Amino acid sequence: MNRTTDDDVVVCSWNEWDPLEYVIVGRADGAMMQAPEPAVQNDLPEHGFPLGTFGPMPEDARERAGAQLDALADLLEARGVRVDRPAPLDFSREVSTPDWTQGSMAMCSAPRDVLLTVGNEILEATMSFRSRWYEYLCYRPLLEQYHRADPAFRWEAAPKPRLTDATYRPDFFREWESLSAEEQRQRIERSDWIITEKEPLFDAADVARLGKDLFVQQSMVTNQSGIDWLRRHYPDHRVHRVSYVEPLPWHIDATLIPLRPGLALVNPDRPPIREEHHRLFEQNGWELIEAPRSARTEKMPLCLCSLWLNMNCLVLDPKTVCVEATETPMMDLLDGYGFEVVPVPLYEVSAFGGGLHCATADVHRRGSLEDYFPKQIEGF
Ligand code: NVA
């Protein structure tokens, strides 16, 4: 249903580029380097977290990241976008379910990972890390408020996964390191990652929303069963299962970034596994621009993302895009395509879960559900 003419709309967003009117911006408060768990192997001895250790993120780094997130919220508000913020938990707490105990949680700086807004629905993703199992609680005060304010808001949650040991391939990381380049390549082609098909799993940030077409990446945190679940959940959409040449992939938003109808950024180091991916864009008149490399040569200490965070832009409307303020090559490229580029300092947040797209989640973009890919490819 297209509700965008209603005055009382709180929740509605169909794609990544319609004019942004309402957004959630993450927070860095209480952020932790999470305790070891089957899905995560952090080994950062040079920055105080050798394999198997965990603890609070360094206080000065957390303050700098928090200040940049606050400044992003202020900037968006100054441009007329309404902003909400999550309620952090005590992430240092040990948590458990009947199936497992996990030494700590993580943080709530990346609402995009957890919340998937499609039309007038927000779906809480399953997540696949035990440390992120309870992260949805940080957004519950907001979702409760939207539910009260907006009679048409559909509040949904995907089935909470059990995340028993049967959900993860044992010894995955050790085995991966021992593979030859060719064996790794074969594994990439099969999307054969750490999570099994025991239960549906997906992170919301593995979904790129382009109107009727949703591109969902199979990854270290999203399995085929999760994509099948999404396909059944959105019967009026076309859900494309996609994968790219990328070792240990997680989250699509440094690989495919739609900018406006007919234009998207793609990652030159991560071509799609299936040729139908680019053909679908091309036969529907889309231009795919290869992203330039980051202006930076070194990642921030404790950053678990790649330098391709330079692609992780936040589109404010089809003519305006926020880019991390030091990423001059990306700003120049988008300027050349006629965008007003808004530079936003967010480098400090890269160690806290990502960039501008990760750090935000749509509540409302002004627009309607459109079909940008009328010419489909059978079986893709
Ligand atoms: N894991 C990917 C996406 C991050 C938003 C990367 O590091 O490039």
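In what follows, the structure referred to is the one given above.
Described below are features of the structure shown in this document. (Residues numbered from 1 in each chain as written. Predicted model: local features only at pLDDT ≥ 70, side-chain atom pairs only at ≥ 80, totals over all residues. Heavy atoms only, no water.)

Taking strand neighbours across the sheet as the criterion, the 3 strands line up as β7-β8-β9 in an open arrangement whose pairing is mixed. The sheet is open, and its two borders are formed by β7 (115-118) and β9 (154-157), each paired with just one other strand. Averaged over all pairs of adjacent strands, the angle between their axes in this sheet comes to 20°, without regard to strand direction. Here strand β8 (residues 121-124) runs beside β9; their pairing, made up of 4 bridges, is parallel. Note that in β9 the partner of I122 across the bridge is W155. Running over the sheet, helix α6 (residues 224-233) touches β7, β8 and β9 and is turned about 155° from β8. (Pairing = 2+ DSSP bridges. Helix = DSSP H or I, 4+ residues; strand = E, 2+ residues; numbered from the N terminus. Axes fitted to C-alpha atoms, helices over the stretch in contact; angles between N-to-C directions. Contact = heavy atoms within 4.5 Å.)

Inspection of the region around the ligand gives W250, H251, D253, A254, R270, C305, S306, L309, N312 and C358 as its neighbouring residues. In the complex, 97% of the free accessible area of the ligand, which totals 270 Å², lies under the protein chains. (Near = heavy atom within 4 Å. Areas by Shrake-Rupley, 256 points an atom, 1.4 Å probe, with all protein chains shown as cover.)

Another aspect to go through is the pairing of strand β12 (residues 238-242). Across 5 bridges, the pairing between strand β11 (residues 213-217) and β12 is parallel. Paired with V216 across the bridge in β12 is R241. Between β11 and its parallel partner β12, the chain crosses via α6, and the hand of that crossover is right-handed. (Right-handed = clockwise from strand over helix to strand, strands pointing away.)

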